[in-house]
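Single-letter residue listing:
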Amino acid sequence: QVQLVESGGGLVQAGGSLRLSCAASGRTFSTYAMGWFRQRPGKEREFVAAINWSGASTPYADSVKGRFTISRDTAKNTVYLQMNNLKPEDTAVYYCAARGYDTDTSSALRDYDYWGQGTQVTVSS
C-alpha cells in the first residue's frame, strides 16, 4: 500500500512560483514512476508531468513545458513539482500519483494506482 500526501499549494500572483511536494510511504518508492496531474475548475483531471524510477525520463504537458520541473528525492521519498512563471490558467487542484506496478512514465490517469488528496493552487492575475 502506498500513501501520498501533497503540500505546497497556495495563492500566488501571475508570474510567481510555487513548489509542490508529494511525500510517499512505501518501502519500494524508488521503483515507482510518479506523476502530477491537475483538475481545473469545470474541467477533467489532466496530465501535468511525470518522472520514471531513475529520474531520467520526465515528460511534460505542452502547456507547462519550460515552466514546470518535476524531480524526485529517493532518500526523502518525495517528488517535487517546481512551478515557475505561473499563469491564471494554472489555477487547479494538483494531485500526485504513483504507478505501483511499473517503473516507466505515463500520461494516462488509468495507469496510476495511488493518488494523493490534492493541493489547491490559485494564480491571481
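Residues numbered from 1 in each chain as written. Predicted model: local features only at pLDDT ≥ 70, side-chain atom pairs only at ≥ 80, totals over all residues. Heavy atoms only, no water.

Chemist: What is the right way to look at the sheet that holds strand β1 (residues 4-7) in this model?
Modeler: In a beta sheet, neighbouring strands pair by backbone hydrogen bonds and run either parallel or antiparallel. Here we have 4 strands laid out as an open sheet, ordered β1-β3-β7-β6, and antiparallel in their pairing. Two strands bound the open sheet, and with one partner strand each, they are β1 and β6 (68-73). Sheet twist, expressed as the mean angle between neighbouring strand axes with direction ignored, is 15 degrees. Bridge analysis of β6 against strand β7 (residues 78-83) gives 6 bridges, and the strand direction is antiparallel. Following the sheet pairing, Ser-71 is matched in β7 by Tyr-80. (Pairing = 2+ DSSP bridges. Helix = DSSP H or I, 4+ residues; strand = E, 2+ residues; numbered from the N terminus. Axes fitted to C-alpha atoms, helices over the stretch in contact; angles between N-to-C directions.)

Chemist: Whenever I open this one, the pairing of β7 confuses me. Can you help?
Modeler: Taken residue by residue, a regular strand's side chains alternate between the two faces of the sheet. Among the 6 residues in β7, 5 count as buried, and that is most of the element. Hairpin geometry of β6 and β7 is characterised by an intervening segment of 4 residues between the two adjacent antiparallel strands and by a positive phi of about 50 degrees at Asn-77. (Buried < 20%, exposed > 50% of the residue type's maximum accessible area, 1.4 Å probe, protein only.)

Chemist: Would you explain the environment of Leu-86 in this entry?
Modeler: Looking at the element boundaries, Leu-86 is found in the loop between β7 and β8 (92-99). The class of Leu-86 is buried, set by a relative accessible area of 1%. Dropping the residues within four chain positions of it, Leu-86 is found in contact with Val-12, Ala-14, Gly-15, Gly-16, Ser-17, Leu-18, Arg-67, Phe-68 and Val-123. (Contact = heavy atoms within 4.5 Å.)

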